[in-house]
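# Examining the three-dimensional arrangement
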Amino acid sequence: MSDRELVVLGTASQAPTRRRNHNGYLLRWDGAGVLFDPGEGTQRQMLFAGVTASQITHICITHFHGDHCLGLPGVLQRMSLDRVAHTVDACYPAQNQEVFRRLRHAALFHEVTNLAERPVTGGGTVLKESAFRVEAQPLSHSVPAIGYRLVEPDGRRMLPGRLAALGVTGPDIGRLQREGRLATGDRLVSLDQVSEPRRGQRFAFIMDTRLCDGAFALADGADMVVCESTFADTEAALAREYGHLTARQAGRIAAESRARLLVLTHFSQRYEHGDSQHLADEAAEAFGGQVVLASDLDRIPVPSRHPPAA
Ligand SMILES: [Zn+2]
């Protein structure tokens, strides 16, 4: 099991189908678990996917159409039922705070879990943890909508060969990392001499939107982009009218933003009985990188930091 992976809980837009549950995704990122857009049935899908309520540390809602939030009451109540002890941060578009409150208190239950509401008012950093920050960007949909981006700070990777050559061992390595330089024998060793830059990983979550600047900003340099692709090329006019993307547009976002892996999801039920592979093909024509067509209960690893050399 990878330490950083997307657990797909559902992949249907608007109406669930026999094969696809309403939307829902858990991003496992080391010890954190970010639940995105829990649609109806998310609690049961978690059971099938082997995800527990206590794994959820953050909740991010892009907008308040039902397929992106009707699972919230069940998930929140389940967290209290399971006596989740840690604080759970919940981000959502501030314009619809009232809708969030209604979902939170949709039924009567004994609320145990400490839920920290983080209504999002605009673009920028909305949460800062030690291991990552969460940024938001406004999207262009028929109701207030935002996309999210998880960014790991850039760091440095220690090089064992150089450390050994300069005689830096044991606790001195940690000291050098903290202080940036270290006196050893008659030498002064700097961090630059024994390490190299390590780019932080980035994950983007882009749901219901037309093509817009926010979508490109979210995907910029991302290792994994999860993107709605409600429609195929043949329904491009519908996509524009209802504020959605086609698979080809999702591919274009990934290509122009130099993303690495594109995960397509949020499919119209009109493709239930046909071959949905053509959605991946249309995205791939616009994007040179890897495209994955998400299925319910997939676990998709965030690509490792160092892709093997071609
Ligand atoms: Zn929507």
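Heads up: the structure comes first, above all this text.
Everything numeric in this text was worked out from a predicted model, so none of it was measured.

### Quick notes on the overall build of the protein
Per the secondary structure count, the protein includes nine helices and 18 strands. In terms of overall size, the protein behaves like a compact globule, its C-alpha atoms giving a radius of gyration of 21 Å where 310 residues would be expected to give roughly 19 Å. The dimensions of the protein, computed from C-alpha atoms along their principal axes, are 70 × 50 × 35 Å. Per-residue burial for the protein yields a buried fraction of 52% across its 310 residues. Sequence-distant contacts, at least 24 apart, represent 66% of the contacts inside the protein between residues at least 6 apart.

### Structural notes on the nonpolar core
Judged by nonpolar contacts, the single largest core of 29 residues is most densely connected at Leu6, Phe36, Tyr148, Phe203, Met224 and Val263. Contributing elements (two or more residues each) for this core: strand E1 (4-10), strand E2 (24-29), strand E3 (32-36), strand E8 (133-138), strand E9 (146-151), strand E14 (202-206), strand E15 (224-228) and strand E16 (261-265). Of all hydrophobic cores here, the second largest spans 28 residues; its members include Ala204, Leu218, Phe267 and Phe287.

### Thoughts on the layout of surface pockets
Volume-wise, the largest pocket comes out at about 280 Å³. Lining the largest pocket are 16 residues, and of these Ser13, Gln14, Thr230, Phe231 and His244 sit closest to its centre. Residues that form the lining of the largest pocket fall into these classes: three nonpolar, 10 polar and three charged.

### Observations concerning the side chain of Asp223
Residue position: Asp223 is located in the loop between helix H6 (213-219) and E15. Here the side chain of Asp223 touches Arg260 through a polar contact of 2.7 Å, side chain to side chain. When near neighbours in sequence (up to four residues on either side) are disregarded, Asp223 contacts Arg199, Gly200, Gln201, Arg202, Arg260, Leu261, Val302 and Pro303.

Definitions and cut-offs
- Residues numbered from 1 in each chain as written.
- Predicted model: local features only at pLDDT ≥ 70, side-chain atom pairs only at ≥ 80, totals over all residues.
- Heavy atoms only, no water.
- Helix = DSSP H or I, 4+ residues; strand = E, 2+ residues; numbered from the N terminus.
- Rg over C-alpha atoms; globule rule 2.2 N^0.38 Å.
- Buried < 20%, exposed > 50% of the residue type's maximum accessible area, 1.4 Å probe, protein only.
- Contact = heavy atoms within 4.5 Å.
- Core = buried A, V, L, I, M, F, W, Y, C linked by side-chain atoms within 4.5 Å.
- 1 Å grid on protein atoms, 1.4 Å probe; cavity = no way out; pocket = protein on both sides within 12 Å on 5 of 7 lines; lining within 4 Å.
- Points joined across faces, edges and corners; volume = space filled by probe spheres on them.
- Nonpolar A, V, L, I, M, F, W, Y, C, P; charged D, E, K, R; others polar.
- Polar contact = N/O pair within 3.5 Å; in protein donor to acceptor, adjacent residues only side chain to side chain.

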